[in-house]
Amino acid sequence: MERTSSANDLTERLRRRLESERREIEELTASELGRLGENSRRVARNALRTIERDTEEATGRMRGLLMKAWLRPFVVGLGLWLGIFGGSWATMRWLSRSIQARIERVAELDYDINEARRTLAQMEVDAWGVVLLEIEGERVVVLPAGTLDNTGWTWRDRPAVKLSRE
């Protein structure tokens, strides 16, 4: 009996083959990763032992040098202390001068602001309450309240007169 394959049979065979190949690749990958992990652990353990041994040797040599030359750490410490103390003192002096200069500058600016406010108040008195503005590209003269009733323009409940562009 002759057997003909259908699209479903072919699809099923391909699916099984792909699944089989995928499992084989996963097993190989897992095996390689396991070997790689074991090799990495072995190398890390050897490196750690070497580092520990070298560190112990260096520590022993350093102890001997420090025991023989106790003056060197003392001088280094004293130099560091003097450097930190001197640097801190200089920084504090610089910061205090900077803060003092800024306080003086703020006082000057406060005086200038108050002087400008007095000048502005005097200008408002001298200008009889008339204000010149530009609103949406139009030049406008805002008059004191109650001067004109029907100007066609108002600004903050005050009558205003639109100036021509010419």
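Quick summary incoming for the structure in this document. These numbers come from a predicted model, not from an experiment. (Residues numbered from 1 in each chain as written. Predicted model: local features only at pLDDT ≥ 70, side-chain atom pairs only at ≥ 80, totals over all residues. Heavy atoms only, no water.)

## Quick look at the overall build of the protein
Item 1. A count of helices and strands for the protein gives two helices and four strands.
Item 2. Order of helices (α) and strands (β) in the protein, N terminus to C terminus: α-α-β-β-β-β.
Item 3. A total of 166 residues make up the protein; the buried ones form 5% of that total.
Item 4. Considering only contacts in the protein between residues 6 or more positions apart, those separated by 24 or more positions represent 10%.
Item 5. When the accessible surface of the protein is split by element, carbon and sulfur atoms take 60% of a total near 15,200 Å².
Item 6. The averaged location of the 27 negative side-chain charges in the protein is 11 Å from the averaged location of its 28 positive side-chain charges. (Helix = DSSP H or I, 4+ residues; strand = E, 2+ residues; numbered from the N terminus. Buried < 20%, exposed > 50% of the residue type's maximum accessible area, 1.4 Å probe, protein only. Contact = heavy atoms within 4.5 Å. Areas by Shrake-Rupley, 256 points an atom, 1.4 Å probe, with all protein chains shown as cover. Lys, Arg positive; Asp, Glu negative; His and termini not counted. Charge placed at Lys NZ, Arg CZ, Asp CG, Glu CD.)

## With respect to helix α2 (residues 71-126)
Item 1. Helix length check: α2 (56 residues) gives 81 Å between terminal C-alpha atoms against 82 Å at 1.5 Å per residue, within 8%.
Item 2. Once α2 ends, the next one or two residues include W128, with phi positive near 55°. (Expected span 1.5 Å × (residues − 1).)

## Thoughts on the pattern of salt bridges
Item 1. Per the counting criterion, the structure on display carries nine salt bridges.
Item 2. Here R22 ties to E26 by a salt bridge, and the two come within 2.5 Å at their closest N and O atoms. Pair noted here: R22 and E26 are both in helix α1 (residues 7-68), with a separation of four residues, about one helical turn.
Item 3. What makes E26 partly exposed here is its relative accessible area of 43%.
Item 4. R35 is the partner of E32 in a salt bridge, and the nearest nitrogen-oxygen pair spans 1.7 Å. Linking E32 with R35, this pair stays in helix α1, spanning three residues, or about one helical turn.
Item 5. Shared partners join several salt bridges into a network, and the residues in it are E19, R22, R23 and E26. (Salt bridge = Lys/Arg side-chain N within 4 Å of Asp/Glu carboxyl O.)

## Quick notes on the pairing of strand β1 (residues 131-135)
Item 1. Judged from the five bridges that link them, β1 and strand β2 (residues 138-142) form a sheet pairing that is antiparallel. The residue bridging V131 from the neighbouring strand is V142, located in β2.
Item 2. Remark: two residues form the turn of the hairpin made by β1 and β2, two consecutive strands paired antiparallel; E136 in that turn has positive phi of roughly 50°. (Pairing = 2+ DSSP bridges.)

## Some points on a nonpolar patch on the surface
Item 1. On the surface, W70, L71, F74, V75, L78, W81, L82 and F85 cluster together to form a nonpolar patch covering roughly 920 Å² of accessible area.
Item 2. Within the element layout of this structure, W70 appears in the loop between α1 and α2.
Item 3. By relative accessible area, which is 60% here, W70 ends up exposed. (Patch = residues over 30% accessible without salt bridge, like charges linked within 9 Å, V, L, I, M, F, W, Y side chains within 5 Å.)

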